[in-house]
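# Architecture and fold: a report
Now for the letters of each chain:
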Amino acid sequence: MEYQIALIRGDGIGPEIVDSAVRVLGKVGEKYGHTFRCTPYLAGGCAIDETGVPLPEETVAACKAADSVLLGAVGGPKWDQNPAGLRPEKALLGLRAAMGLYTNLRPAKLYPALAGDCPLRPDIVANGFDMVIVRELTGGIYFGERGRREGKYGPEAYDTEAYSVMEVERIARVAFETARKRRRHVTSIDKANVLETSRLWRETVHRVAADYPDVTCTDMLVDNAAMQLVRNPAQFDVVVTSNMFGDILSDEASQITGSIGMLPSSSLGDGTRGLYEPIHGSAPDIAGQDKANPIATILSAAMMLRYSFSLGEEAAAIEAAVDRVLNAGWRTSDIAGEGAAAIGCTAMTDKIIGEL
Ligand code: NAD
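The paragraphs below set out a description of the structure included in this document. (Residues numbered from 1 in each chain as written. Predicted model: local features only at pLDDT ≥ 70, side-chain atom pairs only at ≥ 80, totals over all residues. Heavy atoms only, no water.)

## Structural notes on the site of the ligand
What counts is decided by this rule: We call a residue near a molecule or strand whenever a single non-hydrogen atom of that residue lies within 4 Å of it. Two N or O atoms form a polar contact when they lie within 3.5 Å of each other; inside protein one atom must be a possible hydrogen donor and the other a possible acceptor, and for residues adjacent in sequence the pair counts only when both atoms belong to side chains.
The local shell around the ligand holds 18 residues, among which Val74, Gly281, Ala283, Asp285 and Asn293 are the closest. Asp285 is positioned such that a nitrogen or oxygen atom in its side chain is 2.9 Å from an oxygen atom of the ligand. Within the backbone of Asn293, one N or O atom sits 2.8 Å away from a nitrogen atom of the ligand.

Have a look at this one:
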């Protein structure tokens, strides 16, 4: 098969880590008989420098025409003082909106080989953990009506949370379908003891759950979920939640893995096209020094194979290669620990390709 991939290499370490993932895709293509045609487009700070805008029209059109999009990271101190419309992050929001991406999938997995980096007590993570947080991305309080007004106690501000049955239903289906490819358990997180939107969320999730009798589903209040993530993270398989709760909980989940350079993510809409990117930023402090950990971006490419191209075996081969490299003791500096020897971005990529 042949697949068209639009690449957004972006800023800082973006080009190094995206090029690493492209090399890994090249190896997978060679081994399994696929062609991944990867074409770079501008977005972020580099696009501002070259074209005057963070997200050129050409990039939007190319991403919408491609089979999928792989993104490194955008931003850096050079553009920090730019006015709001001319900031690199504008490219990310613009791209998500233009591509109609309403689901964010963020796996948070503790690699046994990296258990020492986990900030939780060893007995809590003795059996590791491996969850995916499915976050609704285009609705809820971040997109609701907001403003300032004169209130009971003088000037006040307000934000509104609204969710339609359709929005909850489609994200719930993504969660149940994801669970079917994993350990078949969904935890739906809400605040149904207080919020009307959460009550609608819960009712709708239960209705969708009836279509998935092979997947178990439990509800959890968000305050309890924040506790359970640090108390017993192994209980979670697929977590589904609203935009704001997902924003907060997915950061908590990534923090407890202890290694930001390891975590991939994907954003999906209807259909199979998605936007795949590491969860970390452009790490300007180490850009251009061959020090970046390419694993989050390589695992993002693996997610692309699994979720956009239904190439589960190829995705698993990449993930297994990463596991073997880590188990063999190879580390980039971010995961090497105090005083331990580390290899660079290129060498880490070579090791993973070697294991493939
Ligand atoms: P960051 O994630 O870029 O860096 C935080 C720390 O983690 C730094 O010390 C960095 O060196 C390290 N780090 C991050 N990724 C690494 C990797 N792959 N390998 C080794 N070390 C890694 O976050 P920040 O410093 O807050 O932000 C830097 C820039 O990135 C800012 O301009 C910010 O706006 C942007 N940003 C972009 C995205 C995105 O493109 N999706 C996300 C977050 C931040």
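## Quick look at the pairing of strand E1 (residues 2–10)
As a reminder of what qualifies: Only strands that DSSP links by at least two bridges are regarded as paired with each other. A helix here means a DSSP run of H or I that spans at least four residues, while a strand means a run of E at least two residues long, and both kinds are numbered starting from the N terminus. Seen with its strands pointing away from the viewer, a crossover is right-handed if its path from the first strand over the helix to the second goes clockwise.
With seven bridges connecting them, E1 and strand E2 (residues 35–41) associate as parallel partners. Bridging across to E2, Ile8 finds its partner in Tyr41. Of the crossover connections in this fold, the one passing from E1 over helix H1 (residues 14–32) to the parallel E2 is right-handed. As paired elements, E1 and strand E3 (residues 68–73) share five bridges and run parallel to each other. Counted as the bridge partner of Gly10 is Ala73 from E3.

## Quick word on the side chain of Ser198
Filter applied, for reference: Relative accessibility decides the category of a residue: with a 1.4 Å probe and only protein chains considered, values under 20% of the type maximum give buried, values over 50% give exposed, and everything between is partly exposed. Two residues qualify as a contact provided that any one of their heavy atoms is within 4.5 Å of a heavy atom in the partner residue.
Here Ser198 is to be found in helix H6 (residues 196–209). Taking relative accessible area as the criterion, Ser198 reaches 5% and is therefore assigned buried. Here Lys191 takes part through its backbone nitrogen, which lies 2.8 Å from a polar atom of the side chain of Ser198. Not counting residues up to four positions away in its chain, the partners in contact with Ser198 are Asp190, Lys191, Ala192 and Phe245.

## With respect to the packing of H1 against helix H11 (residues 345–355)
Any two packed helices are characterised by how steeply their axes cross, that is the angle between the axes, and by the distance between the axes. For the record, the criterion: To obtain an axis, a line is fitted to C-alpha atoms, over the contacting stretch when the element is a helix, and the angle between two such axes runs from 0 to 180 degrees between their N-to-C directions. Should an angle fall under 35 degrees it is called roughly parallel, over 145 degrees roughly antiparallel, and 65 to 115 degrees roughly perpendicular, with every other angle called oblique. Here a crossing is taken to be left-handed if its near helix is turned anticlockwise relative to the far helix by less than a right angle, and right-handed if that turn runs clockwise. Note on residue categories: nonpolar means Ala, Val, Leu, Ile, Met, Phe, Trp, Tyr, Cys or Pro, charged means Asp, Glu, Lys or Arg, and polar means any other residue, Gly included.
The contact between H1 and H11 brings their axes to 10 Å, and the two run at 15°. As judged from the angle between their axes, H1 and H11 are roughly parallel. With respect to the hand of their crossing, H1 and H11 are arranged in right-handed fashion. Between H1, through Glu16, Ile17, Ser20, Arg23, Val24 and Lys27, and H11, the contact on the second element is made entirely by Cys345, Thr346, Thr349, Asp350, Ile352 and Ile353. The residue makeup of the contact of H1 with H11, split by class, is five nonpolar, three polar and four charged.

## Topic: the pattern of salt bridges
To keep things clear, this is the line we draw: Salt bridges, as used here, are contacts in which a Lys or Arg side-chain nitrogen is within 4 Å of a carboxyl oxygen on Asp or Glu.
In total, this model carries 23 salt bridges according to the counting rule given. Among the ionic pairs, Arg37 bridges to Glu2, the shortest N-O distance being 2.8 Å. A residue pair is termed long-range when its members are at least 10 positions apart, and Arg37 in strand E2 and Glu2 in strand E1 qualify at 35 residues. Among the ionic pairs, Glu30 bridges to Lys27, the shortest N-O distance being 3.5 Å. Taken together, the positions of Glu30 and Lys27, both in helix H1 and three residues apart, correspond to about one turn of that helix. Glu30 gets classed as exposed once you look at its relative accessible area, which sits at 62%. A residue is classified by how much of its surface remains accessible, and Lys27, at 24% relative accessible area, is partly exposed. Salt bridges here are not isolated pairs; linked through shared partners, they connect Asp130, Arg182, Arg183 and Asp237.

## A closer look at unusual backbone geometry
A positive phi angle, near 65°, is found at Arg184, a position not held by glycine. You can call Arg184 partly exposed: its relative accessible area is 35%.

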